[in-house]
Amino acid sequence: MNEIIELINEMSPYLLLGFLLAGLMHAFVPSTLYTRYLSSHSIGSVINAAIFGIPLPLCSCGVIPTAMSLRREGASKGATVSFLIATPQTGVDSIIATFSLMGLPFAVVRPITALLTAVFGGTMVNAVEKKDESVSAVSKKKGDCCHKSFGEKLKDALRYAFIEMMEDIGKWLVVGLIVAGLITICVPDSFFEIFKDNTFLSMLLVMAVSVPMYLCATGSIPIAVALMLKGLTPGAALVMLMAGPACNMASILVVGKVLGRRTLVTYLASIIGGAIAAGCFIDFALPREWFVPNMLQSADGCCHDEMSWFNVGCTIVLALLLLNVLIRHFMHPDDHCHCGCHDEHDECHCDDECHCHENNHDNNCCSMDEKIEFKIVGMNCTHCRNSALNAIQSIDGVERVDIDLASGRAVVEGHASMDEIKAAVESVGFSIG
């Protein structure tokens with residue numbers, strides 16, 4: 001148990017910094033930047049997609065609707081697959097957390113592997129799918145024309161970093177810590193000695209376990225550290241860090257459905273081949289002492305430093321933020337209004353008397369002639385909900401959309417048909433239940 005406490009204290013300052021940087025990127029980097037350079041059927045768009053995706057803090061469920069949205073906005077299949085591979089494997093938060101627990105070599109190798117694997121996969125998809133059908137861009141969603149002040153963007157950054165990201169990643173981070181604790185307690189120290197003379201077999205075992213299940217890029221770090229402390233080779237640990245977050249059963253099903261079976265085969269082959277190649281390179285070409293986890297290095301020292309109060313303080317802050325998310329989940333399961341009737345102070349007036357005509361707004365602003373209720377299947381995080389929300393809002397005639405993430409229940413008001421709504425939801429990787 002002491003190892004888990006030390007692990008949390010080691011991670012917490014870097015996690016908080018990573019979340020903050022991710023929030024700043026979300027608030028201050030315009031979304032159009034990610035779609036402007038991804039439409040061409042060339043290696044340039046594939047490289048751009050990988051470079052854009054590496055620092056983004058999207059988990060392997062949140063990246064699916066984001067990638068499908070890029071596809072709808074004109075990104076080529078190769079660029080979409082490149083983004084799908086690179087983004088969940090890393091992220092500014094997970095790179096910083098990797099450095100804190102596993103050292104600089106792991107923190108460098110991880111994004112480089114993500115970049116090379118993504119570029120290879122995207123390039124292969126472009127080669128296989130030579131005739132990539134054009135995808136028409138979606139209409140601009142409501143509110144795109146609004147310009148926020150620096151203070152409003154900073155507020156958005158803090159909210160995204162310490163509320164929305166905590167909602168998406170926090171649960172899986174806690175799961176990762178629990179699994180790491182169970183591994184520390186239950187797995188014998190000699191377990192991986194059976195693979196001592198067959199590193200490739202240990203990589204295949206890790207691959208078979210990690211590919212179908214959900215692993216967050218940040219939450220997988222404590223699991224990898226715990227396994228390495230039990231004797232897993234650095235290369236096999238990297239296989240889990242790269243292949244686990246990159247795909248799961250949900251992403252496999254969506255890629256096959258939206259992008260096609262040939263693209264799915266190329267997507268999986270790139271992830272599996274790239275992870276194993278990088279793992280073999282670490283185990284057979286680089287000194288193993290470069291990849292000893294920081295916790296193990298400190299344990300081998302002649303003395304133990306007193307626990308840093310700064311780290312303890314960061315751990316307390318992280319725990320409070322996670323507790324806040326838990327309370328919000330039960331007290332306010334869906335406290336976001338998405339009707340589009342907001343003023344310049346971002347205050348909603350959807351329940352007020354309609355003043356659209358006298359304020360020279362669109363005549364249909366507050367029209368609520370038709371209401372359609374249905375269930376959206378496949379949403380797992382805030383990014384999923386936002387992607388489904390934006391897809392539905394882009395339909396002509398839609399005036400208000402409310403989506404409850406926990407239940408999947410959606411309510412659409414306006415003049416859109418169910419067929420249009422279903423097509424929009426399926427275009428970002430979800431389905432109507």
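Residues numbered from 1 in each chain as written. Predicted model: local features only at pLDDT ≥ 70, side-chain atom pairs only at ≥ 80, totals over all residues. Heavy atoms only, no water.

Draft legend 1. Molecular detail of helix α9 (residues 199-210). An ideal rise of 1.5 Å per residue puts 16 Å on twelve residues; α9 measures up with 17 Å between its terminal C-alpha atoms. Of all the positions in α9, only T199, S202, M203, V206, M207 and S210 are classed as buried. Along α9, the residues classed as buried sweep out an arc of 140° about the axis, all on the same side. Where the residues of α9 are buried, they touch α11 (234-246) and α13 (261-285). (Helix = DSSP H or I, 4+ residues; strand = E, 2+ residues; numbered from the N terminus. Expected span 1.5 Å × (residues − 1). Buried < 20%, exposed > 50% of the residue type's maximum accessible area, 1.4 Å probe, protein only. Arc of directions from axis to C-beta. Contact = heavy atoms within 4.5 Å.)

Draft legend 2. Just the packing of aromatic side chains, in detail. Going through the model one piece at a time under the given rule, you end up with two aromatic pairs. The interplanar angle of 45° and the centroid separation of 5.5 Å between the aromatic rings of F28 and F150 together place this pair among those described as tilted. Here the residue F28 occupies a position in helix α1 (residues 2-28), and F150 occupies one in helix α8 (residues 150-186), the gap between them amounting to 122 residues. Accessibility expressed as a relative area gives 30% for F28, which makes it partly exposed. For the pair F106 and F291, a centre-to-centre distance of 5.1 Å together with 80° between the ring planes defines the contact as edge-to-face. (Phe/Tyr/Trp six-rings, centres within 6.5 Å; stacked < 30°, edge-to-face > 60°.)

Draft legend 3. Summary view of the pairing of strand β2 (residues 398-403). The buried fraction of β2 amounts to five of the six residues, a majority that puts the element mostly inside the structure. Here β2 pairs with strand β3 (residues 409-414) via five bridges, running antiparallel. Directly across from R400, in β3, lies its bridge partner E413. Between β2 and β3, which pair antiparallel in sequence order, lie five residues; one of them, G408, sits at a positive phi of approximately 80°. (Pairing = 2+ DSSP bridges.)

Draft legend 4. Focus on the nonpolar core. With 110 residues, the main nonpolar core has F19, M102, Y267, I376, I392, I403 and I421 as its most contacted residues. Among all residues touching Y267, those that are not within four sequence positions of it are V81, L84, I85, A246, C247, S251 and V255. (Core = buried A, V, L, I, M, F, W, Y, C linked by side-chain atoms within 4.5 Å.)

Draft legend 5. Broad picture of the pattern of salt bridges. Under the defined criterion, the tally for this structure stands at five salt bridges. Of the charged contacts in the structure, one is a salt bridge between R288 and D283, with a shortest N-O distance of 3.9 Å. Given the relative accessible area of 43%, R288 is considered partly exposed. What makes D283 buried here is its relative accessible area of 11%. (Salt bridge = Lys/Arg side-chain N within 4 Å of Asp/Glu carboxyl O.)

Draft legend 6. A look at the environment of V265. Locating V265 in the fold gives a position in helix α13. Residue class for V265 comes out exposed when judged on its relative accessible area of 56%. Sequence separation between V265 and V255 is ten residues; the distance between their C-alpha atoms is 9.5 Å.

Draft legend 7. How the structure looks around the confidence of the model for the protein chain. Mean pLDDT over the protein chain works out to 78, with 78% of the residues at or above the 70 mark. Mean pLDDT per element in the protein chain: helix α14 (residues 294-299) is the minimum at 55, and helix α7 (residues 104-128) is the maximum at 92. Predicted confidence for residues 134-145 stays below pLDDT 50, and this span has 14 contacts to residues more than four positions away or in other chains. (pLDDT = per-residue confidence, 0-100.)

Draft legend 8. Just the sheet that holds strand β1 (residues 371-377), in detail. Spatial ordering of the open sheet is given by β2-β3-β1-β4, a layout of four strands whose pairing is antiparallel. A single partner strand is all that each edge strand has here, and the edge strands are β2 and β4 (431-432). Bridge count for β1 against β3 is five bridges, and the pairing is antiparallel. Residue pairing across strands places I372 opposite V412, the latter belonging to β3.

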